[in-house]
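# Results of the structural survey
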Amino acid sequence: MSGSQKKLGARHKARKRAVDFLFEAEARDLDPVDLATERAELAGTDDAVAPVNPYTVTLVTGVAENLDRLDRVIADHLQDWTLERLPAVDRAVLRIAVWELFHATDVPPVVAVDEAVELAKELSTDDSPGFINGVLGQVVLVAPQVRAAAAATSQRTEAAPEPGTDA
């Protein structure tokens, strides 16, 4: 097995664990970042708890920090469905994939979509992989503009003088 395949395997497991955390947090009405952080800390002291991949925490944090925007984008691309009617696992998978499409510059869009479809095959209903692929097939069309806008915004922020300074 090559290093890149192993890396994809680790990322896939990280994504799956992020889906688990998002799903559990929604079901138990918990903060997903707190849940992931607590599990990561617990894994450091209890060998019975699986270690938490840093990318899992990145995904959970990214989704939590951008949840309203991610949900709006997903809802805008659902046809004849509402976000609330989707199975919770599908919501979690879509949120992770859309976050990756918009923010994970080291993840090619095709990988984000393929991983989401694979997670749906593993974790959800028989109809979910095709449904998720269809939704993400639409979102992927707007992702380059969203990434470009985010990059432009961060460049403007970095270039702007600090308030109260004489730059």
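Residues numbered from 1 in each chain as written. Predicted model: local features only at pLDDT ≥ 70, side-chain atom pairs only at ≥ 80, totals over all residues. Heavy atoms only, no water.

## With respect to the environment of L83
Relative to the elements of secondary structure, L83 occurs in the loop between α4 (67–76) and α5 (88–103). What makes L83 buried here is its relative accessible area of 8%. Once the C-alpha coordinates of L83 and R72 are considered, the two residues, 11 residues apart in sequence, prove to be 9.0 Å apart. What L83 contacts, discounting residues up to four positions off in sequence, is D71, I74, L78, R91 and R95. (Helix = DSSP H or I, 4+ residues; strand = E, 2+ residues; numbered from the N terminus. Buried < 20%, exposed > 50% of the residue type's maximum accessible area, 1.4 Å probe, protein only. Contact = heavy atoms within 4.5 Å.)

## A look at the side chain of T56
Tracing the backbone shows T56 in helix α3 (residues 54–65). For T56, the residues in contact, after removing those within four places along its chain, are A14, R17, A18 and F21.

## Examining the environment of V57
Locating V57 in the fold gives a position in helix α3. Here the alpha-carbon distance between V57 and A40, two residues 17 residues apart in the chain, equals 8.5 Å.

## Structural notes on the pattern of salt bridges
When their charged atoms lie close together, side chains carrying opposite charge are able to pair. If you walk through the whole model with that rule in mind, you get 10 salt bridges. Note that D106 is salt-bridged to R11, the shortest N-O span being 2.8 Å. Of this pair, D106 sits in the loop between α5 and α6 (109–123) while R11 sits in helix α1 (residues 3–28); the two residues are 95 residues apart in sequence, bridging distant segments of the chain. Looking at R11, the relative accessible area reads 17%, which means it is buried. Of the charged contacts, one joins R39 and E24 as a salt bridge, the two residues approaching to 2.8 Å between their closest N and O atoms. Note that R39 is positioned in helix α2 (residues 32–45) and E24 in helix α1, a separation of 15 residues in sequence. Shared partners join several salt bridges into a network, and the residues in it are E26, D71, R91 and R95. (Salt bridge = Lys/Arg side-chain N within 4 Å of Asp/Glu carboxyl O.)

## Re the packing of aromatic side chains
How two aromatic rings sit relative to each other is given by the distance of their centres and the angle of their planes. One pass over the full model with this rule turns up 1 aromatic pair. Taken together, a centroid distance of 6.0 Å and an interplanar angle of 65 degrees make the contact between W81 and F131 edge-to-face. Highlighted residues: W81 in the loop between α4 and α5 and F131 in helix α7 (residues 128–159), separated in sequence by 50 residues. The ring of Y55 carries R11 above its face, with NZ or CZ at 3.8 Å from the centroid. Residue placement shows R85 over the ring face of W81; its charged tip is 4.1 Å from the ring centre. (Phe/Tyr/Trp six-rings, centres within 6.5 Å; stacked < 30°, edge-to-face > 60°. Lys NZ or Arg CZ within 6 Å of the ring centre and 35° of its normal.)

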